[in-house]
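Understanding the architecture of this molecule
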Amino acid sequence: MELLARSGNTPLRFSDVVRELELTQATAHAILKTLCDRGWASRDPVVKTFSLGPALAVVAARTDTARPLAHAAREAALRLSREVGYSGSVVEKFGDSLVVTAFEGDAATQPAGIPGDRIPYAPPFGVALAAWDTDEERRAWVRRGAGDNSDRTERLERVLEHTRQRGYDVDWTTPALAQAVQVVGTLDSNDMPTPVRDIMDQLLVEFTTIGFLSDDNPGRRKQPVVTIAAPVFDQRRRAALMLAVHPLCTLSSRQIRIIGKKLTDETNAISERSHVA
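What you see is a predicted model, and the numbers here were worked out from it, not measured in a lab. (Residues numbered from 1 in each chain as written. Predicted model: local features only at pLDDT ≥ 70, side-chain atom pairs only at ≥ 80, totals over all residues. Heavy atoms only, no water.)

**Here's the deal with the nonpolar core**
Counting 26 residues, the largest nonpolar core has Ile-228, Ile-256 and Leu-263 as its most contacted members. Residue assignment for this core shows that the elements contributing at least two residues are α5 (68-84), β8 (227-233), β9 (239-246) and α11 (253-276). Broken down by element, this core gets its largest block of residues, eight residues, from α5. (Core = buried A, V, L, I, M, F, W, Y, C linked by side-chain atoms within 4.5 Å. Buried < 20%, exposed > 50% of the residue type's maximum accessible area, 1.4 Å probe, protein only. Helix = DSSP H or I, 4+ residues; strand = E, 2+ residues; numbered from the N terminus.)

Below, the structure is given as structure tokens:
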């Protein structure tokens, strides 16, 4: 279903599904037949392609009321995008993964690989969630990036502490580095030789900490900013998701603070409504 959703207005051929999901033809056929029978997928009888089915309309109609926090965040992403002129997104955590569940605004400022792709909840991804996560989850996030290396652990802890003090995360990596992070972050390091895996882990920590504290100097020249993100808290005061803006351009410290203020005004308002509810 995620594959069909990501394809947008481009229907998928049977061979596309087999290739993309690395399934056998028999398995793919059985799954697609069941989805079509239930209305979750639809098969064009002429060109033999597959797309999302009508049954999803029933689910979509209930999503706003069933997931009010995510719905409010999506509305906020749209408002922010219109106000600041950059795309906005909503990112949610599922286990050890992060998923962009909403994207609003100009596709020209859409980071590589979203929406819909799952990325690991590990450095350099999800700083705005990790900074306010539970102690156990925060330590696990750091450990996934630093392993047993005390220097990397200290650097990541400093990033999280600075993020909490500022109130939001700023991803200073250039768009080119952001693409490199996406590629490295989606590789399965468990299949890598130990020296290679160590280098990859070090790279991800470097990507996370490369620009941290850069906004402490008001006179500093403009820096490239990929993402500015802040958490939204549920009624139990736990970081449930994060709302993000994606400038993908150079910004001054003042511009970042203005966007950060607008962003946190939105996240604070959503969190307060959730707590009252």
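**Some details on the pattern of salt bridges**
Per the stated rule, a full pass over the model turns up 16 salt bridges. The residue Asp-37 makes a salt bridge to Lys-33 at a minimum N-O spacing of 3.0 Å. On the criterion of helical spacing, the pair formed by Asp-37 and Lys-33 is a turn pair, its members being four residues apart in helix α3 (residues 25-38). Overall, Lys-33 belongs to the partly exposed group, its relative accessible area being 47%. Each of Arg-13, Asp-16, Arg-19 and Glu-20 takes part in a single network of salt bridges with overlapping partners. (Salt bridge = Lys/Arg side-chain N within 4 Å of Asp/Glu carboxyl O.)

**Details of the packing of helix α7 (residues 135-146) against helix α8 (residues 150-166)**
Where α7 contacts α8, the axes come no closer than 9 Å and their chain directions differ by 135°. With respect to each other, α7 and α8 are oriented oblique. Here the hand of the crossing between α7 and α8 comes out right-handed. Note on element contacts: α8 touches α7 through Arg-152, Thr-153, Leu-156, Glu-157, Leu-160 and Arg-164, opposite Arg-138, Trp-141, Val-142, Gly-145 and Ala-146. (Axes fitted to C-alpha atoms, helices over the stretch in contact; angles between N-to-C directions. Parallel < 35°, antiparallel > 145°, perpendicular 65-115°, else oblique. Left-handed = near helix turned anticlockwise from the far one by under 90°. Contact = heavy atoms within 4.5 Å.)

**Here we look at the side chain of Asp-133**
Mapped onto the secondary structure, Asp-133 falls in the loop between α6 (127-130) and α7. Apart from the residues lying within four places of it in its own chain, the contact partners of Asp-133 are Lys-93, Tyr-121 and Arg-138.

**Some details on the sheet that holds strand β3 (residues 87-94)**
In a beta sheet, neighbouring strands pair by backbone hydrogen bonds and run either parallel or antiparallel. Strands sit in the order β5-β4-β3-β9-β8-β6 across an open sheet of six strands; the sheet is antiparallel. For this open sheet the edge positions go to β5 (118-120) and β6 (169-171), each flanked by a neighbour on one side alone. On average, each strand axis in the sheet is inclined to that of its neighbour by 30°, with strand direction left out of account. In the sheet, β3 pairs with strand β4 (residues 97-104) via seven bridges, with the strands oriented antiparallel. If you follow Val-90 over to β4, its bridge partner there is Ala-102. (Pairing = 2+ DSSP bridges.)

**A word on the side chain of Asp-234**
Within the secondary structure layout, Asp-234 lies in the loop between β8 and β9. Arg-236 provides the closest opposite charge to the buried, salt-bridge-free Asp-234, at an N-O distance of 4.0 Å. A distance of 2.9 Å separates the side chain of Asp-234 from the backbone nitrogen of Arg-236, its partner in a polar contact. In contact with Asp-234, other than residues within four places in its own chain, are Leu-69, Ala-240 and Ser-274. (Lys, Arg positive; Asp, Glu negative; His and termini not counted. Polar contact = N/O pair within 3.5 Å; in protein donor to acceptor, adjacent residues only side chain to side chain.)

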